[in-house]
Each structure stands twice: as C-alpha cells, then as structure tokens.
Amino acid sequence: MRILVTNDDGISAPGITALWQALRPLGEIFVAAPAAERSGASHSITVHDPIRVDAQDFGCADVRGWRVGGTPADCVKLALEALLDAPPDLVISGVNDGPNLGGDVLYSGTVSAAAEGAKHGVLSLAVSLDGATKERFDAASACTARLLPLCLARRLPPGTLLNVNFPASFQGEASVVWTRLGRREYENAFERRTDPRGRDYYWMHGRPVEDGNGEGTDVAAVRRGCVAVTPIQFDLTDYTLLEKLRAPAPFEA
Ligand code: MN
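In this report, the structure presented in the accompanying data block is examined. Within any chain, residue numbers begin from 1 and follow the written order of that chain's sequence. pLDDT decides what is reported in this predicted model: residues at 70 or higher carry local features, side-chain atom pairs at 80 or more are listed and counted, and totals for whole chains, interfaces and linings draw on all residues regardless. Hydrogens are left out, water is left out, and the side-chain values use all remaining heavy atoms of the structure.

For the rest of this paragraph, the subject is the coordination of the manganese ion. Shown as donors are all N, O and S atoms within 2.8 Å of a metal ion, widened to 3.2 Å for Na, K and Ca; because water is not in the atom set, sites may appear incomplete. Taken together, D8 (OD), D9 (OD), S39 (OG) and N96 (OD1) make up the full set of protein donors to the manganese ion, lying 2.1 to 2.2 Å away. Every donor residue of the manganese ion comes from the same chain, spaced as D-D-x29-S-x56-N. Buried residues are those whose accessible area, probed at 1.4 Å on protein chains only, stays under 20% of the maximum for their type, while exposed residues exceed 50% and partly exposed ones sit between those limits. Classification of D8 by relative accessible area gives buried; the value is 2%. Overall, the relative accessible area of 15% leaves D9 in the buried class.

Bringing helix α1 (residues 14–23) into the picture now. Turning to α1, its buried residues are G15, I16, A18, L19, W20 and L23. Every residue pair with non-hydrogen atoms within 4.5 Å of one another is taken to be in contact. Segments assigned H or I by DSSP are reported as helices when at least four residues long, segments assigned E as strands when at least two residues long, and all are numbered from the N terminus. Of the surrounding secondary structure, the elements contacted by the buried residues of α1 are β1 (2–6), β2 (28–34), β4 (63–68), β5 (90–97) and α5 (134–153).

Here we come to the layout of surface pockets. The pocket and cavity definitions rest on a 1 Å grid over protein atoms only: a 1.4 Å probe that fits but cannot leave marks a cavity, an open set with protein on both sides within 12 Å along at least five of seven lines marks a pocket, and residues lining either have an atom within 4 Å of a point. Grid points are joined across faces, edges and corners, and a volume is the space filled by probe spheres set on the points. Looking at the largest pocket, its volume works out to about 560 Å³. Lining the largest pocket we find 21 residues, and of these G40, N100, D104, Y107 and Y186 sit closest to its centre. The set of elements that each furnish at least two residues to the lining of the largest pocket consists of β5, α3 (104–107), β9 (185–194) and β10 (200–209). Polarity classes work like this: nonpolar for Ala, Val, Leu, Ile, Met, Phe, Trp, Tyr, Cys and Pro, charged for Asp, Glu, Lys and Arg, and polar for all others, with Gly in that last group. Partitioned by chemical class, the residues of the lining of the largest pocket number four nonpolar, 10 polar and seven charged. Estimates place the volume of the second largest pocket at around 220 Å³. If you trace the second largest pocket, you find 14 residues lining it, with V105, L181, I232, Q233 and L236 closest to the centre. For the lining of the second largest pocket, the secondary structure elements donating two or more residues are α3 and β11 (227–232). Considering each element in turn, the lining of the second largest pocket owes the most residues, three residues, to β11. In terms of residue class, the lining of the second largest pocket is made up of seven nonpolar, five polar and two charged.

Among the structural elements, N213 can be located in the loop between β10 and α6 (218–223). In terms of polar contacts, N213 uses its side chain to reach the backbone carbonyl oxygen of E210, at 3.0 Å. A distance of 3.5 Å separates the side chain of N213 from the backbone oxygen of D211, its partner in a polar contact. Once residues lying within four places of it in the same chain are set aside, the contact partners of N213 are G182, R183, V219, A220 and R223. Any pair of nitrogen or oxygen atoms within 3.5 Å is treated as a polar contact; in protein, a donor-acceptor pairing is required on top of that, and neighbouring residues in sequence qualify only through side-chain atoms on both sides.

Strand order in this open sheet of nine strands is β3-β4-β2-β1-β5-β6-β7-β11-β8, and the pairing throughout is mixed. Taken across any chain shown, the strands that pair with only one partner, and hence form the sheet edges, are β3 (53–56) and β8 (176–178). Ignoring which end each strand starts from, the neighbouring axes of this sheet average 20° apart. In the sheet, β2 pairs with β4 via six bridges, with the strands oriented parallel. Residue A33 lies in a different strand from β4, and its bridge partner there is R67. The convention used is that axes are lines fitted to C-alpha atoms, helices contributing only their stretch in contact, and that angles between N-to-C directions extend from 0 to 180 degrees. α1 contacts β1, β2, β4 and β5 of the sheet and is inclined by roughly 140° relative to β5. Any two strands with at least two DSSP-identified bridges between them are counted as paired.

Here it is as structure tokens:
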C-alpha cells in the first residue's frame, strides 16, 4: 500500500511524525507537508507565488519526504500531480493538534488536505486529536493504523473523505462511531493592539461554542469519549432548497 501523509501543523510537528511512524508497517510512505504551520489555511492554494519544495530526509530508506513552501492543499495537489510517480492508495492528514469538529472543517487545513486527496479520487482521512501530547499522538496514530483495514474492508467509494476525531480522554482504547457533523462555532474576540510603529493591528482569539449537539453528531461522540468518524463530501448544493425553488411557480412575478 502507498500512503501519502500530510498535515497543516508543519512537517516537523509531533503529530505528523507519530503518524508516519505508525503507518510504516502498512506500506510505502510519502510525506509532503508544509514547511511551516498552516493551521486554518482551509483549502487555499498558492497561485501567484512559486512553490518551493525541498527533500526532507527522515533517516529511513522507506520514507520519502518533501518540505513544501505552500498550503496543505498545495502539498497534496503537488504530490499527486507532480511529485509521486503513481497515485497513492490513501491520503492521511494529521494528526492535528486540536479537534476539527462541526464547522471547523471549513477552516481546517488538515481536513482540506484530505479533501484534496478525495477530490483526486483517493480514499482520504483527516485525523485530529484533542489534548495533544507525544504519548497521545502515538496512541491516536496507532489507532488510525488499526482503523485503516476496517475502512478498506467497508469498500468505501473512491474519493471518500473521512474526518476522524480523537476525544480529549483518549488513552489508546475507545469506541469508534460513525457520526455526522455537529455544531461547533466560535465566540471570537478581535483584540486591537498597536505595533512599535504606532499602527493598529488585530489578533483574533476565540472560544468554541458547542450548543445544540444531538445524538449522532461528532461533537456529542467525542464528548462521550468515543472516536468520531464523519464521512464528508464537498457538494455544497442545498438540495432541500433546490427542490423548493424548482417547484412550480415558486415566486410571484
Ligand atoms: Mn493544525
């Protein structure tokens, strides 16, 4: 099996190191990840600047690495369209430092890197962990490696994107449940500050709000201590509204 590993925390982050190390027994590993942290980069791509790529030597003959001066989506796009000589069987993005639940998936570089893999027709996983330490990154990575054969056995359609979230209580064992996206928004505050040259700037900091999450949501599942796995697709069409709009004579002239 050929596995492309990426993230948005940067190629040297402890989460991606734990992940590619745990996946090594499963096959050939390719790591293409941002040179610097790009959390919150969403699905942005680099269009107006060159994308610099340097080989990253991990000291293992069976792991090839590229340090990419771009976004998480750039890394996957570039790997699939230019760096790899054949498509991988899997794209895995993570392990992210922090959860990616509910509305987080729209901003997350971790999820978007996996979405880019899915867009290319490759089974892709985004993996995130609440409350990261080295031991817990290792435990989440080992659990991800155990999950892969189960996912493959489900014969998921090509281009499937699975968003995996490990709970704050995760120590190595937990129930894995299929979920839908819940509600996780932020109460943001923009703090206005002044730089040494007297110009104002803003620094955003937020507090997650997780109200109104029913049974079956990713937010409720991780709160219960389960590993939440949400299949995600990026057809953003509002089909319910579309049906209403197409109904006969929906508008008064
Ligand atoms: Mn991140």
